[in-house]
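Observations on the three-dimensional arrangement
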Amino acid sequence: MPSKIIIKQSTISALMVGIFFLIAILLGSSVVYMSSSIKDEQNAEKRRTEFKQLGIDLANASDYLTDEARKYAVTNDKTHMNKYWEEINVTKTRDHVISRLAELHSPSEEMALLAEAKKNSDALVNTERHSMRLVLNAMQEPEAQMPPEVASYSLSGEDQKLSAEEKLAKARDIMFDAKYDADKRSIMDPIDKFQQIMNTRLEAELESARNATQRAAILQAILAVIIIGAVAVLLRILFTQVTFPIRNYTELLKVFSFNKENFSLLAEGSLELRLLANTFNDLYRSFQEELVKRKHAEEKMKTAKEEAEKANNAKSEFLANMSHEIRTPLNTIIGYLYLLDHTEFTFKQKQYLQNVNMAAQSLLGIINEILDFSKIEAGRMILEVVEFNLYETVREICSLFELEAQHKGLSFHCEIQGDVPRYVKGDVTRLKQVLLNLLSNGVKFTDKGKLEVLVEVIKSGGSQAYLRFSISDTGVGIPEEQMKHLFEVFTQGDASTSRKYGGTGLGLAICKKIVSLMAGEISVRSRTGKGSTFWFTAKLEIAGYVATSSQSEKLNSRLFAAKKLLLTEDNQINLQMTQEILENLGFEVDTAQSGFNAVSMAARTRYDVILMDIRMPEIDGYETARRILELKGIDAPPVIALSADAVEGVAERAKSAGMSGYLTKPLNPGKLIEELRKFLYLGSTESIESTGLTEQAVTEEDNSFSNPNLFPKLTIPNTWIDFESVLSRLQGKREGYKHILERFLANHKNDHDQFNLLLTKGDVAGAELLLHTLKGISATIGANKLKEVSLRLENVLGSRNEELMAQEISRFAKVLAATLKAAAQFVADSLPEGEGYSVRSAGDKTAYNEPARLLKLLEEGDAEATTVFTVCQSFLKSELSSQDYNLLSEAIFTYNFEEAAVLLKKVLTQNSAAPTA
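Residues numbered from 1 in each chain as written. Predicted model: local features only at pLDDT ≥ 70, side-chain atom pairs only at ≥ 80, totals over all residues. Heavy atoms only, no water.

1. Quick notes on the overall build of the protein
Within the protein, the regular secondary structure consists of 34 helices and twelve strands. Burial statistics for the protein: of 917 residues in total, 42% are counted as buried. Taking all contacts inside the protein whose residues are at least 6 apart in sequence as the whole, residues at least 24 apart take part in 72%. (Helix = DSSP H or I, 4+ residues; strand = E, 2+ residues; numbered from the N terminus. Buried < 20%, exposed > 50% of the residue type's maximum accessible area, 1.4 Å probe, protein only. Contact = heavy atoms within 4.5 Å.)

Right, dumping it as structure tokens:
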């Protein structure tokens with residue numbers, strides 16, 4: 001039944017607060033009173049105990065002095081005399097007791113008794129001094145060696161006349177006669193009376209404190225009854241005005257439905273709850289109309305959701321395409337750098353090679369930075385754990401920036417403290433990414449001074465090491481107010497930073513996320529105009545020995561020997577490059593350039609493993625893998641996906657297609673080897689030992705590749721194509737390089753005509769694709785100038801500056817033609833003798849006719865001059881100085897035929913035996 005009393009919610013709240021404060025005050029007062037009573041009782045008990053102990057101490061001290069004085073009189077042992085005076089002069093028990101009683105504010109009556117006891121004790125001391133002086137005189141002890149208190153005591157003339165034995169006897173008599181006992185009682189009687197009076201007084205204090213504690217307990221019981229009554233009243237009000245009405249509302253709302261037309265709540269409880277019920281009843285009718293509007297809104301939301309999903313899919317597809325297009329040429333670059341690392345160079349060239357490789361990896365890191373930011377937004381970035389050489393990693397990164405720092409005139413110092421572990425486990429790629437970003441910023445923002453890198457151990461224990469990496473510079477510095485936002489997304493030191501120095505503002509935000517995943521932190525100290533120090537920490541697991549790259553490669557060449565592998569790749573250049581890497585590892589490699597070919601070859605041949613490109617025409621890698629796995633059944637080899645798409649979802653799609661592993665392009669040889677060993681069951685120690693290849697044997701085998709003349713230098717000018725560099729990458733495999741150039745000639749000899757045709761049709765996208773493809777292939781074959789002009793033309797393509805377009809197209813045509821001619825000449829020179837041009841000796845008359853023919857072609861401006869120059873270059877080298885030969889070569893291969901003709905004519909006229917053309 002609803003309550004007839006209507007109370008406002010504010011009144012209930014005020015009542016609750018009032019009762020709460022009443023209870024708090026009552027409880028507080030009770031607690032204070034009880035605490036005070038208990039404390040008084042404890043203090044009384046403590047004082048009683050302490051007073052009692054002081055009386056006992058005083059009595060014990062008096063007894064102790066008597067015992068020691070008597071022992072000395074009987075035994076004549078100075079030890080007892082010394083203990084006696086130590087008690088009086090050092091321990092001073094009597095003085096401490098009286099002082100403590102004064103501090104405790106003892107009544108004057110008690111203090112008077114103690115004063116009397118002390119006075120009598122002092123008189124007894126004189127008696128004991130007399131006894132001690134008799135003993136010492138009897139023993140003929142010099143006064144200088146006596147205690148000062150005894151030495152100062154003067155014997156009477158009668159005592160001095162006594163013999164030694166008589167003195168000793170008198171000393172004993174003094175300590176044990178009736179007078180000494182009476183003097184002793186004159187000390188102990190006041191002490192006993194003091195203890196009786198003190199005990200009576202302290203017992204009374206303790207009893208009073210106990211009575212107060214009992215009264216406090218009774219008061220707390222009364223307060224408890226009052227509090228229970230107040231709470232009961234409050235609960236009654238809450239139940240009648242809040243709980244029961246809310247329960248009734250809830251029961252009604254359980255069966256609530258908008259389909260019921262006459263639904264209403266019965267208003268009850270507090271004023272606010274009644275108002276709520278009435279408001280609900282008023283709104284109920286309007287909600288019926290709102291339902292229709294809500295359905296329309298839901299339909300709109302559904303449409304918006306579908307559009308958002310489409311936009312998200314478009315973003316994912318864009319990232320996939322971007323990753324594929326950029327990573328595909330990077331795959332070729334890094335792959336050939338890996339092959340180039342297997343060739344022999346001077347130490348300086350080896351350094352340059354390593355720096356180029358690290359620069360390519362750095363470029364790959366920039367690409368990954370965009371993808372990393374996407375992963376950070378999605379919260380899906382994870383770290384891998386591999387063993388690596390920390391010293392080698394840090395020095396590789398430092399060497400990359402050391403040259404750049406030197407070019408800017410900066411000093412560069414890298415220090416790894418001695419207690420830093422050399423071999424650790426962690427994500428070496430992410431660690432490099434953080435170091436690259438911080439060092440790049442250091443070099444970028446420093447114009448003079450120095451750059452320093454420090455690696456140190458903060459703490460270590462067991463198998464864990466907590467390291468700190470510090471990068472310091474003397475650059476522009478960062479204002480203090482901007483440092484707090486420095487690690488946020490799209491944030492840089494100041495508004496002009498991106499204009500002056502470039503950068504996206506993502507690097508430090510990504511670094512912060514990576515460092516946090518490494519269980520570390522990152523921060524900066526900086527002063528404007530003085531420089532900055534960025535530091536970060538990382539927790540790494542300490543590892544054992546990690547094999548060097550050369551050792552690992554020799555081991556792998558043994559492990560993968562006689563293993564048959566199918567490589568599926570539609571890009572011919574990448575196909576051959578990857579094939580070279582795999583064959584260097586010891587594999588027997590078959591290749592397929594389409595999914596259909598891969599399925600057909602897998603049906604005919606048993607392979608140990610298949611590497612499958614994802615993006616291929618006709619059928620892609622996913623479908624190809626499904627068909628092979630379905631065809632081979634339980635005998636199907638592991639299929640490892642190769643893809644330049646490094647975005648979320650590719651690995652999952654590969655797994656759902658039945659593939660065993662997933663590798664991204666550019667191909668990382670280390671990860672490739674790791675995957676191959678894992679799926680070929682060659683990862684165990686036993687399998688390595690079974691090859692018989694010990695660490696010493698690997699080292700000796702590495703030393704066998706130190707012959708600097710293993711690959712002779714080419715004599716072909718490298719103006720258009722850097723033949724020597726590419727051949728070094730291919731370990732001097734001239735025949736393999738020839739096949740690559742043959743494919744280049746076959747596939748791209750008509751690119752200029754095709755480009756013009758696409759522009760005529762208005763197909764700008766097709767023209768961009770042609771240039772993009774040619775740009776990547778140019779880098780692979782070493783045609784750096786062709787790559788450059790292709791890039792420049794690609795950048796201005798579609799612009800409204802027709803004059804600039806025409807200039808770049810003309811330049812592109814000339815460089816493409818020269819590159820094709822240089823490639824064709826290399827292929828011709830690589831043919832067996834008799835199938836192409838042969839180089840004649842300088843003394844052969846026929847050899848001289850070719851330079852004369854070359855002069856005529858140069859004067860006529862005929863492009864065939866480049867081919868003839870290659871034929872007669874041996875003669876020209878023997879006749880020209882090194883400087884003149886280089887000038888002539890550069891003039892011919894830059895199509896500066898007029899200048900070349902002047903130089904060549906000078907040589908021919910100087911040779912009087914030269915016949916006319």
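2. Notes on the confidence of the model for the protein
Reading predicted coordinates in detail is not appropriate for stretches of low pLDDT. Taken residue by residue, the protein gives an average pLDDT of 77. The fraction at 70 or more is 79%. Looking at the elements of the protein, mean pLDDT is at its lowest for helix α23 (residues 695-703), recorded as 37, and at its highest for strand β5 (residues 464-473), recorded as 94. Counted against residues more than four places away or in other chains, residues 493-502, with its pLDDT under 50, gives 14 contacts. Ignoring residues within four places in sequence, the model shows residues 832-848, a span with pLDDT below 50, making 21 contacts including any to other chains. (pLDDT = per-residue confidence, 0-100.)

3. Some details on the packing of helix α2 (residues 78-91) against helix α4 (residues 108-138)
The interhelical angle for the contact between α2 and α4, taken along N-to-C directions, is 150°, at an axis separation of 12 Å. It follows that α2 is roughly antiparallel to α4 by the angle criterion. The handedness of the crossing between α2 and α4 comes out as left-handed. Seen from α2, the contacting residues are Met81, Tyr84, Trp85 and Ile88; seen from α4, they are Val125, Glu128, Arg129, Met132 and Leu136. Within the contact of α2 with α4, the residues separate by chemical class into seven nonpolar, no polar and two charged. (Axes fitted to C-alpha atoms, helices over the stretch in contact; angles between N-to-C directions. Parallel < 35°, antiparallel > 145°, perpendicular 65-115°, else oblique. Left-handed = near helix turned anticlockwise from the far one by under 90°. Nonpolar A, V, L, I, M, F, W, Y, C, P; charged D, E, K, R; others polar.)

4. Some remarks on α2
Between its first and last C-alpha atoms α2 spans 18 Å; for 14 residues at 1.5 Å apiece the expected length is 20 Å, and the two agree. Along α2, the sharpest change in direction is near 25° and occurs at Trp85. Listed in full, the buried residues belonging to α2 are His80, Met81, Tyr84, Trp85, Glu87 and Ile88. Two to three positions downstream of the cap, the backbone nitrogen of Thr79 sits 3.0 Å from a side-chain oxygen, assigning the N-cap of α2 to Asp77. Directly after α2, the chain includes Lys92, whose backbone phi takes a positive value near 55°. (Expected span 1.5 Å × (residues − 1). Bend = angle between axes of the 7 residues up to and from the residue. Polar contact = N/O pair within 3.5 Å; in protein donor to acceptor, adjacent residues only side chain to side chain.)

5. Describing the nonpolar core
Ranked by size, the top nonpolar core spans 60 residues in total, and within it Leu565, Leu582, Phe587, Leu611, Leu676, Tyr737 and Leu786 carry the most contacts. Residue contributions to this core peak at eleven residues, all from helix α29 (residues 802-829). (Core = buried A, V, L, I, M, F, W, Y, C linked by side-chain atoms within 4.5 Å.)

6. Comments concerning unusual backbone geometry
Backbone geometry at Asn76 places phi at a positive 60°, although glycine is not the residue there. Along the chain, the position of Asn76 falls in the loop between α1 (9-75) and α2. Positive phi values are uncommon outside glycine, yet Ala519 reaches one of about 60°. Mapped onto the elements, Ala519 comes out in the loop between α15 (507-517) and β6 (522-527).

7. Quick notes on the state of the cysteines
What the rule picks out here adds up to zero disulfides. There is no disulfide at Cys398, and the cysteine sulfur nearest it, in Cys414, is 3.1 Å away. For Cys398, a relative accessible area of 5% translates into the label buried. (Disulfide = S-S within 2.5 Å.)

8. A word on the pattern of salt bridges
One pass over the full model with this rule turns up 19 salt bridges. Taking the shortest distance from any N to any O, the salt bridge between Arg792 and Glu808 comes out at 3.1 Å. Of this pair, Arg792 sits in helix α28 (residues 784-796) while Glu808 sits in helix α29, placing them 16 residues apart in sequence. Given a relative accessible area of 34%, Arg792 falls into the partly exposed group. Salt bridges sharing common partners tie together Glu788, Arg792, Glu808 and Arg811. (Salt bridge = Lys/Arg side-chain N within 4 Å of Asp/Glu carboxyl O.)

9. Concerning the packing of aromatic side chains
Centre-to-centre distance and the angle between the planes together describe a pair of aromatic rings. Tallied over the full model, the rule gives six aromatic pairs. Here Phe469 and Phe536 contribute two aromatic rings whose centre-to-centre distance is 4.9 Å and whose plane-to-plane angle is 10°, an arrangement assigned as stacked. With Phe469 in strand β5 and Phe536 in strand β7 (residues 531-542), this pair connects stretches of sequence that are 67 residues apart. Its relative accessible area of 0% is what places Phe536 among the buried residues. Ring geometry for Phe755 and Phe812: centres 5.8 Å apart, planes at 55°, overall tilted. On the criterion of sequence distance, the pair formed by Phe755 in helix α26 (residues 751-761) and Phe812 in helix α29 is long-range, its members being 57 residues apart. Across the pair, Phe812 and Phe755 agree in class, each one buried. (Phe/Tyr/Trp six-rings, centres within 6.5 Å; stacked < 30°, edge-to-face > 60°.)

10. Notes on the pairing of strand β12 (residues 661-664)
Residues of β12 alternate between two faces, with Gly661 and Leu663 buried on one and Tyr662 and Thr664 left unburied on the opposite face. Of the pairings in the sheet, the one linking strand β11 (residues 639-643) to β12 comprises four bridges and is parallel in character. Among the inter-strand pairings, Ser643 is bridged to a residue of β12, identified as Thr664. (Pairing = 2+ DSSP bridges.)

11. A short note on the sheet that holds strand β9 (residues 588-592)
Reading across from one edge, β9-β8-β10-β11-β12 is the order of the five strands in this open sheet, with parallel pairing throughout. Two strands in the sheet have a free side with no partner beyond their single neighbour: β9 and β12. Each strand axis lies, on average, 20° off the axis of its neighbour in the sheet, ignoring direction. Sheet analysis places strand β8 (residues 564-568) next to strand β10 (residues 609-613), joined by four bridges and oriented parallel. For Leu567, the partnering residue across the bridge sits in β10 and is Leu611. Where helix α17 (residues 572-584) meets the sheet, its contacts fall on β8, β9 and β10, and the angle it forms with β9 comes to roughly 165°.

12. What about the packing of α1 against helix α7 (residues 164-176)?
Interaxial distance between α1 and α7 falls to 8 Å at its minimum, and their mutual angle equals 155°. One way to sum up the angle between α1 and α7 is to call them roughly antiparallel. Of the two possible hands of crossing, α1 and α7 adopt the one that is left-handed. Together, Thr66, Ala69, Arg70, Ala73 and Val74 of α1 and Ala171, Arg172, Met175 and Phe176 of α7 make up the contact between the two elements. Per-class residue counts for the contact of α1 with α7 are six nonpolar, one polar and two charged.

13. So, the environment of Lys530
Mapped onto the fold, Lys530 is located in the loop between β6 and β7. Lys530 sits in the exposed class, given a relative accessible area of 55%. Expressed as a C-alpha distance, the spacing of Lys530 and Gly477, which sit 53 residues apart in the sequence, is 5.9 Å.

14. Section: helix α19 (residues 621-632)
For α19, built from twelve residues, the straight-helix expectation of 16 Å at 1.5 Å per residue is met to within 8% by its first-to-last C-alpha distance of 16 Å. What α19 keeps buried is the set Gly621, Tyr622, Thr624, Ala625 and Ile628. All buried residues of α19 fall inside an arc of 165° around its axis, so they share one side. Its buried side turned inward, α19 meets α18 (595-604), β10, β11 and α20 (650-656). A distance of 3.3 Å separates the backbone nitrogen of Tyr622 from a side-chain oxygen at the start of α19, and that oxygen is part of Asp620. The first or second residue beyond α19 is Gly633, which carries a positive phi of 65°. (Arc of directions from axis to C-beta.)

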